[in-house]
Each structure stands twice: as C-alpha cells, then as structure tokens.
Amino acid sequence: MVMSMPKPYNNDFNPSFSETPNQFNKKMRALKKYCPQAYKYLLFEHQNPMKDGIYEEELPTSKEFKFVYGQIKIKYEIKNGVLNYQDIEPSQFFLDGYRFDLNVYKGIYYRNNRDKFMINLFLTLKNEKNYAI
C-alpha cells in the first residue's frame, strides 16, 4: 500500500479574490449569531426587486450597533431573475465574529479596545440630556 502525500494547503486569504461564496456564508453565519433581527428580516421580510441590477439595502440595525460599527447593509445582484448575494457590511466585523467568539461589554459585542471606546462613547452620549441618539 502506497501512501500519497497530502495535498498542499490552499488558503482563501488572497486579496485579489476578496469575495467568495465561502466568505459570504461566513458573514451570514455571523449575522445570524450577532444580529438575529437583521438576519430574520433578510430571510422572512426582505422583498427583492424583479428588475435586473445591483442593489444595496439597509437591514434593521440597533442604535448601539450602528454607532459602533455602522449600518448593516446587504449587497446583491439580480441577473435574469436570479438573486445573487454579494456582500454584507460591516464586513470586517462579521468576518471577525465568524473567526472567534466575540465578548460582550455593557451588552454590546466587541472585538478590541477601539470597540470598547466607541461603546463607552455611545453610552456617555446617550446619558447626556442634551444629546439624542
């Protein structure tokens, strides 16, 4: 019995191919875990236009998440009546959320100290009586 050498490892981190279907699936899983309201909206309430074209739509996003990371958006294309999802933003947040479990700080998921700073800033501004978020 002859044993063959294992196949060489091929990584998907080539920057020239930024979006692959696998990357999108990772982002969808993270969306489901960290932003279930946006995920459910996308599955059950999202209405796709019937015209061919490239579209970008905002998904339901909490005020806290929007302040720290930005609006959750889905980018998709319709070609010959076939829907093809292309990207979910904020991309880096969802990729990081897929790669490792995010911790919670004051009820909001965070990745690093910058995110903690933004969460503290949001809560400080929210508690100010003159500032409405």
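Residues numbered from 1 in each chain as written. Predicted model: local features only at pLDDT ≥ 70, side-chain atom pairs only at ≥ 80, totals over all residues. Heavy atoms only, no water.

J.: Explanation requested: the overall build of the chain in the structure shown.
T.: Across its full length, the chain carries five helices and five strands. Secondary structure elements of the chain occur, N-terminal to C-terminal, as α-α-β-α-β-β-α-β-β-α. Burial statistics for the chain: of 133 residues in total, 30% are counted as buried. Partitioning the contacts of the chain with sequence separation of at least 6, the portion at a separation of at least 24 is 44%. Within the structure as shown, the chain displays about 9,600 Å² of accessible surface, and the carbon and sulfur contribution to it stands at 53%. (Helix = DSSP H or I, 4+ residues; strand = E, 2+ residues; numbered from the N terminus. Buried < 20%, exposed > 50% of the residue type's maximum accessible area, 1.4 Å probe, protein only. Contact = heavy atoms within 4.5 Å. Areas by Shrake-Rupley, 256 points an atom, 1.4 Å probe, with all protein chains shown as cover.)

J.: Teacher, can you tell me more about the environment of G81 here?
T.: If you trace the backbone, G81 turns up in the loop between β2 (73-79) and β3 (82-89). For the pair G81 and D52, spaced 29 residues apart in the sequence, the C-alpha separation amounts to 6.7 Å.

J.: Can you help me understand the pairing of β3 in this one?
T.: Regular strands place their side chains on alternate faces of the sheet. Both β2 and β3 contribute to a ladder of seven bridges, which runs antiparallel. Along β3, the bridge assignment pairs I74 with I88. (Pairing = 2+ DSSP bridges.)

J.: I keep staring at the pairing of β2 and nothing clicks. Help me out?
T.: Burial along β2 is one-sided: I74, Y76 and I78 are buried, while K73, K75, E77 and K79, pointing the other way, are not. As paired elements, strand β1 (residues 53-58) and β2 share six bridges and run antiparallel to each other. Residue E56 lies in a different strand from β2, and its bridge partner there is K75. In this structure, the hairpin formed by β2 and β3 is closed by a connection of two residues, where N80 is found at a positive phi of approximately 55°.

J.: Explain the pattern of salt bridges here, please?
T.: Think of it this way: side chains of opposite charge can pair up when their charged atoms draw near. Using the criterion set out here, one finds 10 salt bridges in the structure. As a salt-bridge pair, R99 and D96 come within 3.3 Å of each other at their nearest N and O atoms. Placement of both R99 and D96 in helix α4 (residues 91-99) is noted, with a separation of three residues, approximately one turn of the helix. Classification of D96 as buried rests on a relative accessible area of 13%. Its salt-bridge partner being R111, residue D115 comes within 3.0 Å of it at the nearest N-O pair. (Salt bridge = Lys/Arg side-chain N within 4 Å of Asp/Glu carboxyl O.)

J.: Would you explain the sheet that holds β2 in this entry?
T.: Backbone hydrogen bonds are what pair the strands of a sheet, in a parallel or an antiparallel way. Pairing is antiparallel in the open sheet, where three strands are placed in the order β1-β2-β3. Each edge of the open sheet carries a strand with a single partner, namely β1 and β3. When the angles between neighbouring strand axes are averaged without regard to direction, this sheet yields 25°. Sheet strands touched by helix α1 (residues 21-34): β2 and β3. Its angle to β3, the strand with the most contacts, is close to 65°. (Axes fitted to C-alpha atoms, helices over the stretch in contact; angles between N-to-C directions.)

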